[in-house]
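Chain and residue survey
Given next are the chains, with one letter for each unit.
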Amino acid sequence: MASEIRRIHEDLKSKKYTCTDLIKDKLAQIEASDLNSNNLVLTELALEKAAAVDAKIANGEEIGLLEGIPFGLKDVYLLQGTISTASSDMLKNYKAPYTATAIQKLLDAGAIPLVRENCDSFGHGSTSENTVFGPVKNAIDPTRVAGGSSGGSAVNVAKEFTTFSIGGDTGGSIRQPAGYNKVYGLKPTYGRISRYGLMAYASSTDCVGPFARNLEDILILLNIMSGKDYHDQTTIKTEEVDAAVLEGTPEAKKFTVGYYKSFIENEALNPEMKADFMAALEKLKAAGAEIKELDFYDVDTLVATYYMLAMAETASNLSRLDGTNYGGREDEKVLKDGYMLSRSKNFTEETKRRIVGGNQVLSTGHAEEIYLKARTLRTQIMHSFDQEFKETDIILSPVAPDLPPKIGENLKKPLSMYLSDAYTVGFSLGGLPTLTAPVGTEIGMQITAAKGQEQTIIEFAHLLNEVL
Ligand code: GLN
C-alpha cells in the first residue's frame, strides 16, 4: 500500500479538502469512538495548527511533506503545556514543561498532534488494561484487549483516527499491539531515536517508534525522528533509510532468514498461528530465500531476564515520583509518610508490583544473585545475536503466542500477561531493530535484523507483501 502521508500531502496541495476539514473530520471520529483509545483530545491546538497550514496553502506557499498530517502520541511523551499522565493517577494533573525530542521533530516538520493516547500506566503491561482511564478495546474485536502497552496508539492507527501514532517499546509495546490490531509497528535500534522527553520505564531498552498503515510511512517517520541528541547521550548517528528499497520487486534470494526452534516449539503457541508461520517460511523458500533453523534461549529465560532488569530499572526511575515534584501529593504530618501515601494511593497495582519486585532484585544480598545474573545473561543474549547475524540477514518470528485475550481475562493473571511478551523481549534486550508487519499470521509477523539494519527490515517486509 502506498504512503498515506504522501496522499494527504498531495490532496492538501491540490486543495481537494482543507487541512481544517481533515482535522475536524478526524476529531469527530475520535469523539464518536467508544474504544477508549484516547486520554486527551487536543482540539484547540490541532485546529489552530490546521488553520496555519490552510493559510499557507491559500497564500500559495510550499508545504512540507508532513505539514498538516494528523498524528497521535502515547500518553508517556512530554508535549509542552499538555497534561501528560502516563495513564496514572500520580501524574493526572502534570503539565509537561517541555516537548520530547522525537515529538518536537514531528512538530517542526508540521505534523499536527490530535490526541494523547491511552496506554498501560508507565508502559507497565501487555494489554492496555493497566490504566486509570479504563481498558482500551481492540480495533478489530472490541471484546478483546488492544494489546500493550501502546494499545491506544495501535487502535487509533487501525481505525484511521490518526495517520500515524508514536508509541513506546520497552519489551514489545509497539510490536505486540501492532500485531493485535493489524498495523505496522517499528521498534528501531536502541539509541536511534532520542528518548528525551519520554517518561522512563526501563531506560536500557526504552525505544521510541511509529505505528502506521504502510511501510513507506514507517520509513518516512523513522528518518524524521532519528538522530543524535545532546539531551540523550545514548543516541547514535545513523544513515537515512533509502526509500528506493520500496520500489520494484525485491529479490527473495538475497535474504537468509533464520527462525528460532524454541519459539516455534513453545507449547503456548497457538497451533493455527504456528501452521501459518511455517507456511510463510515455505513460501519464502519457494521464492528463493534461504531458510535456517536457529537455536536460542527458551522463552522462560528471556521473559525472566527481561522482567528482572525492567523491574529493577523502573523501581529506580519511578523513585522520583514521591508526590513532591510532579503532583499526586498526599500530605501527612511526617514527610516520609506523605511519600508513602502518595505512592501507595497513586500508582496502580501493577506498577506497585513492579516497584516492589525491582527493589527486591536490587536489594543488598539479592542483587548479586538476581540482578547481576540477569545482566550477565543479557550480555550472553546479545553475544548470541551478534553470532547469528554474521550469517543471517533476518530473524523472523511470531509476535505473540496467541490471539489477544478477552478484556479482563489477564488482569487476574499477571504471569500469563508476562508470558505474552515471550517473543518480543529478547530482541529488546539485544537493542535490535524489529518490525511487526500485519502479514503471515492472524497477528502478523515480527521481522528483526542486526543493529542499524532498519533498511534491510523494510526491504524484507516489502518482499513479504509480494510473497505472502
Ligand atoms: N509488556 C512488557 C512489559 O510490561 C513490555 C512493555 C513495554 O514495552 N512498555 O514490560
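Described in the following lines is the structure provided in the data block.

The next point concerns the overall build of the protein chain. The number of helices and strands found in the protein chain is 16 helices and 11 strands. Taken against the 2.2 N^0.38 rule, which gives 23 Å for 468 residues, the C-alpha radius of gyration of the protein chain at 21 Å falls within 12% of a compact globule. Judged by the C-alpha coordinates and their principal axes, the protein chain covers about 65 × 55 × 45 Å. The buried share of the protein chain, taken over its 468 residues, is 59%. The long-range fraction of contacts in the protein chain, counting pairs at least 24 apart against all pairs at least 6 apart in sequence, stands at 75%. On the protein chain, the mean spot of the 49 positive side-chain charges and the mean spot of the 63 negative ones are 3 Å from each other.

The full set close to the ligand counts 15 residues, and Thr170, Gly171, Ser173, Tyr201 and Tyr306 are the nearest of them. Note that a nitrogen atom of the ligand is positioned 2.8 Å from one of the side-chain N or O atoms of Ser126. Measuring from an oxygen atom of the ligand, one finds a side-chain N or O atom of Ser173 at 2.6 Å. A total of 290 Å² of accessible area belongs to the ligand in isolation, and the protein chains cover 99% of it. Here the residues of the shell around the ligand sort into three nonpolar, nine polar and three charged.

Take unusual backbone geometry next. Cis geometry is adopted by the peptide bond preceding Ser149, which originates at Gly148 and carries an omega value of 10 degrees. In this structure, Ser87 takes a positive phi of about 50 degrees despite not being glycine. Counting through the fold element by element, Ser87 comes out in the loop between strand S2 (70-74) and helix H4 (101-108). Here the phi dihedral of Lys182 falls at roughly 60 degrees; this positive angle occurs in a residue that is not glycine. With respect to the secondary-structure elements, Lys182 resides in the loop between helix H6 (175-181) and strand S5 (184-187).

Tallied over the full model, the rule gives 17 aromatic pairs. Aromatic pair Phe71 and Phe164: ring centres 5.1 Å apart, planes at 5 degrees, arrangement stacked. Note that Phe71 is positioned in strand S2 and Phe164 in strand S4 (residues 164-169), a separation of 93 residues in sequence. Overall, the relative accessible area of 0% leaves Phe71 in the buried class. Judged by its relative accessible area of 0%, Phe164 falls in the buried class. Consider the rings of Tyr94 and Tyr326, whose centres lie 5.7 Å apart with planes at 70 degrees: the pair is edge-to-face. Residue Tyr94 is found in the loop between S2 and H4, and its partner Tyr326 is found in the loop between helix H10 (299-317) and helix H11 (335-346); the two are separated by 232 residues along the sequence. Among the aromatic residues, those joined into a ring-pair cluster are Tyr260, Phe263, Phe296, Tyr297, Phe385, Tyr423 and Phe427.

Strand pairing in a sheet relies on backbone hydrogen bonds. The paired strands run either parallel or antiparallel. Ordered in space as S1-S3-S2-S4-S6-S5-S10-S11-S9-S7-S8, the 11 strands form an open sheet in which the pairing is mixed. Every interior strand has two partners, whereas the edge strands, strand S1 (38-41) and strand S8 (290-294), have only one. Across this sheet, the average inter-strand angle for adjacent strands is 25 degrees, counted without regard to direction. Sheet topology places S2 next to S4; three bridges connect them, and they run parallel. Residue Phe71 lies in a different strand from S4, and its bridge partner there is Phe164.

A contiguous patch of negative charge on the surface is contributed by Glu239, Glu240, Asp242 and Glu247. Examined against the element boundaries, Glu239 turns out to sit in the loop between helix H7 (215-225) and strand S7 (256-260). Note on Glu239: relative accessible area 68%, which makes it exposed.

Turning to its location among the elements, Thr436 is positioned in strand S10 (residues 434-437). For Thr436, a relative accessible area of 0% corresponds to the buried category. From its side chain, Thr436 meets the backbone oxygen of Arg175 in a polar contact 2.9 Å long. Dropping the residues within four chain positions of it, Thr436 is found in contact with Arg175, Ala178, Gly179, Val183, Tyr184, Gly185, Val399, Ile443 and Met445.

As for its position among the elements, Ile264 is in helix H8 (residues 261-264). Judged by relative accessible area, which is 6%, Ile264 ranks as buried. Along the sequence, Ile264 and Val303 sit 39 residues apart, while their C-alpha atoms lie 16 Å from each other. Other than its neighbours up to four places away in sequence, Ile264 contacts Tyr259, Leu269, Lys274, Phe277, Met278 and Pro398.

The two faces of the sheet receive side chains in turn, since in a regular strand these alternate between them. Of the two faces of S10, both are covered, the one formed by Thr434 and Thr436 as well as the one formed by Leu435 and Ala437. Here S5 pairs with S10 via three bridges, running antiparallel. Looking across to S10, one finds that Leu186 is bridged to Leu435. Where S10 and strand S11 (residues 445-448) come together, four bridges link them in antiparallel fashion. Each residue of the ladder has a partner; that of Thr434, found in S11, is Thr448.

So, how was this worked out
- Residues numbered from 1 in each chain as written.
- Predicted model: local features only at pLDDT ≥ 70, side-chain atom pairs only at ≥ 80, totals over all residues.
- Heavy atoms only, no water.
- Helix = DSSP H or I, 4+ residues; strand = E, 2+ residues; numbered from the N terminus.
- Rg over C-alpha atoms; globule rule 2.2 N^0.38 Å.
- Buried < 20%, exposed > 50% of the residue type's maximum accessible area, 1.4 Å probe, protein only.
- Contact = heavy atoms within 4.5 Å.
- Lys, Arg positive; Asp, Glu negative; His and termini not counted.
- Charge placed at Lys NZ, Arg CZ, Asp CG, Glu CD.
- Near = heavy atom within 4 Å.
- Polar contact = N/O pair within 3.5 Å; in protein donor to acceptor, adjacent residues only side chain to side chain.
- Areas by Shrake-Rupley, 256 points an atom, 1.4 Å probe, with all protein chains shown as cover.
- Nonpolar A, V, L, I, M, F, W, Y, C, P; charged D, E, K, R; others polar.
- Phe/Tyr/Trp six-rings, centres within 6.5 Å; stacked < 30°, edge-to-face > 60°.
- Pairing = 2+ DSSP bridges.
- Axes fitted to C-alpha atoms, helices over the stretch in contact; angles between N-to-C directions.
- Patch = residues over 30% accessible without salt bridge, like charges linked within 9 Å, V, L, I, M, F, W, Y side chains within 5 Å.
- Salt bridge = Lys/Arg side-chain N within 4 Å of Asp/Glu carboxyl O.

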